[in-house]
Amino acid sequence: MYFIDVQGTLISDADKSPIRGSIEFIDMLNVKKIPYMIITNNTKYASSDFYAYLKSLGFNFDFSSYLDPLMMLESNVAKESVAAYGTPEFLDVLIKMGFELNYKNPKTVLVSIKENFVNDEFAQMIDFLLGGASLVGMHETSIYAKNNKRYPGVGAILKMLEFATSSAYDVVGKPSVSFYKEALKMLQKQNANAKFSDIAIISDDVKGDLGGAKEMGMKTIFVTSGKYKSADEIVPFLKPELRPDFVYADMKEILDKNKLESI
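Small disclaimer: the values here were computed from a predicted structure and weren't measured.

Here is what the cut-offs are and how they apply
Residues numbered from 1 in each chain as written. Predicted model: local features only at pLDDT ≥ 70, side-chain atom pairs only at ≥ 80, totals over all residues. Heavy atoms only, no water. Pairing = 2+ DSSP bridges. Helix = DSSP H or I, 4+ residues; strand = E, 2+ residues; numbered from the N terminus. Axes fitted to C-alpha atoms, helices over the stretch in contact; angles between N-to-C directions. 1 Å grid on protein atoms, 1.4 Å probe; cavity = no way out; pocket = protein on both sides within 12 Å on 5 of 7 lines; lining within 4 Å. Points joined across faces, edges and corners; volume = space filled by probe spheres on them. Nonpolar A, V, L, I, M, F, W, Y, C, P; charged D, E, K, R; others polar. Contact = heavy atoms within 4.5 Å. Polar contact = N/O pair within 3.5 Å; in protein donor to acceptor, adjacent residues only side chain to side chain. Buried < 20%, exposed > 50% of the residue type's maximum accessible area, 1.4 Å probe, protein only. Arc of directions from axis to C-beta. Phe/Tyr/Trp six-rings, centres within 6.5 Å; stacked < 30°, edge-to-face > 60°. Lys NZ or Arg CZ within 6 Å of the ring centre and 35° of its normal. Core = buried A, V, L, I, M, F, W, Y, C linked by side-chain atoms within 4.5 Å. Right-handed = clockwise from strand over helix to strand, strands pointing away.

Comments concerning the sheet that holds strand S4 (residues 82–85)
(1) Moving on: Spatially, the 4 strands line up as an open sheet ordered S4-S5-S6-S9, and their pairing is parallel. Whereas interior strands pair on both sides, the edge strands pair on one side only; in this sheet they are S4 and strand S9 (169–171). Across this sheet, the average inter-strand angle for adjacent strands is 20°, counted without regard to direction.
(2) Moving on: As paired strands, strand S6 (residues 134–137) and S9 are joined by 3 bridges and run parallel to one another. Directly across from Leu135, in S9, lies its bridge partner Tyr169.

Here is the structure:
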């Protein structure tokens, strides 16, 4: 059984096209009736819109096998008085969901991702947090890859704000325990006996996705088709207990090496 990341794993960070072998991998799971969940940290588009986009690319899976942080947001963050930071598309989605944006005296600082954060935004976040606002990240990605550049991910920004203000933070999406538990609950509709130790999670974010998953007992598969150019950039610097169980170039290599039964 599988949890499968999207950006950098199924689709390219560069142009959002399917990465080689990714459509075929999902098709193979469908044919073999192997339970799986598509778990993404998408926050730029409404959940139904991003799901429809993946379907338009040729990925054949049901919405019941899809989970993103926006689907968890209302149960984690109150809609009143939120200072949200991220792309304009993310802010538009929040407004459509009924969240009240407040940049004067917010109760919550909510951080998503974009490539052009500026110091004045960080200064504003710090003032709000020192004034008593709570800190929440839409996810805890280590690196954000776009336009052939790698930016600090939401996880890196949360760590910076935590250090600056001594404010603890919560995470809505991966790798939060609540997100993975919800994904497991949805997976159990495909296999009622599924548990974390039965699951292999595939992702290009060895820190932001796989580390937390490994702590919960999942097997971890790191693909270097996204944030990292090679495993040597990151794996040797991880704590031994958080290093991935398997490393592959991409989904096609997983298929070609026929590792499914042994994972």
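As for the layout of surface pockets
(1) Moving on: The calculated volume of the largest pocket comes to roughly 590 Å³.
(2) Moving on: Lining the largest pocket we find 30 residues, and of these Gln7, Asp13, Lys16, Ile113 and Tyr144 sit closest to its centre.
(3) Moving on: Listed by contribution, the elements that provide at least two residues to the lining of the largest pocket are helix H2 (47–57) and strand S7 (143–146).
(4) Moving on: A per-element tally of the lining of the largest pocket places S7 first, with 4 residues.
(5) Moving on: Empty space within the second largest pocket amounts to approximately 480 Å³.
(6) Moving on: Looking at the second largest pocket, it is lined by 21 residues, and the ones nearest its centre are Glu140, Pro175, Lys207, Gly208 and Gly212.
(7) Moving on: Of all elements in the fold, only helix H6 (154–165) and helix H8 (206–215) reach the threshold of two or more residues within the lining of the second largest pocket.
(8) Moving on: No other element matches H8, which puts 6 residues into the lining of the second largest pocket.
(9) Moving on: In terms of residue class, the lining of the second largest pocket is built from 9 nonpolar, 7 polar and 5 charged.

Here we look at the sheet that holds strand S11 (residues 219–223)
(1) Moving on: Reading across the sheet, the 6 strands line up as S3-S2-S1-S10-S11-S12 and stay open at both edges, with parallel pairing between neighbours. Of all the strands in the sheet, the pair left with one neighbour each is strand S3 (66–67) and strand S12 (246–248).
(2) Moving on: Bridge count between strand S1 (residues 2–4) and strand S2 (residues 36–39): 3 bridges; the pairing is parallel. Its bridge partner lying in S2, Ile4 is registered against Ile38.
(3) Moving on: Of the strands in this sheet, S1, S2, S3 and strand S10 (200–203) are in contact with helix H7 (residues 177–187), which crosses S2 at around 145°.

With respect to the side chain of Gln7
(1) Moving on: Turning to its location among the elements, Gln7 is positioned in the loop between S1 and helix H1 (22–32).
(2) Moving on: A polar side-chain atom of Gln7 sits 2.8 Å from a polar atom in the side chain of Thr40.
(3) Moving on: Among residues more than four places away in sequence, those in contact with Gln7 are Asp13, Lys16, Thr40, Asn41, Asn42, Phe50, Asp204 and Lys227.

A few points about H7
(1) Moving on: Buried within H7 we find Phe179, Tyr180, Ala183, Leu184, Met186 and Leu187. One side of H7 holds all its buried residues, which, seen down the axis, span an arc of 160°. Residues of H7 that are exposed and point more than 90 degrees away from the buried face comprise Lys181 and Lys185.
(2) Moving on: As for H7, its buried residues are in contact with S1, S2, S3, helix H3 (70–73), S10 and H8.

Considering the packing of aromatic side chains
(1) Moving on: This model, assessed by the stated rule, comprises 14 aromatic pairs.
(2) Moving on: Pairwise contacts between aromatic rings join Tyr51, Phe61, Phe63 and Tyr66 into one cluster.
(3) Moving on: Above the face of the Phe99 ring, Lys79 is positioned so that its terminal group lies 5.8 Å from the ring centre.
(4) Moving on: Over the ring of Phe117 we find Lys114, and its NZ or CZ is 5.2 Å from the ring centre.

What to know about the nonpolar core
(1) Moving on: Of all hydrophobic cores here, the largest spans 40 residues; its most connected members are Phe3, Ile39, Leu73, Leu110, Tyr180 and Met218.
(2) Moving on: Taken together, the elements giving at least two residues each to this core come down to S2, H3, S4, helix H4 (88–96), H7 and H8.
(3) Moving on: Looking at which element gives the most residues to this core, the answer is H7, with 6 residues.
(4) Moving on: When neighbours within four sequence positions are excluded, Leu73 is seen to be in contact with Leu94, Met97, Phe99, Leu110, Met138 and Val172.

Points about the pairing of S2
(1) Moving on: Where burial is concerned, the two faces of S2 agree: the one with Tyr36 and Ile38 and the one with Met37 and Ile39 are both buried.
(2) Moving on: You can see the chain leave S1, run along H1 and come back into S2, and the turn it takes is right-handed.
(3) Moving on: Strand direction decides the pairing type here: S2 and S3, joined by 2 bridges, are parallel. Its bridge partner lying in S3, Ile39 is registered against Leu67.

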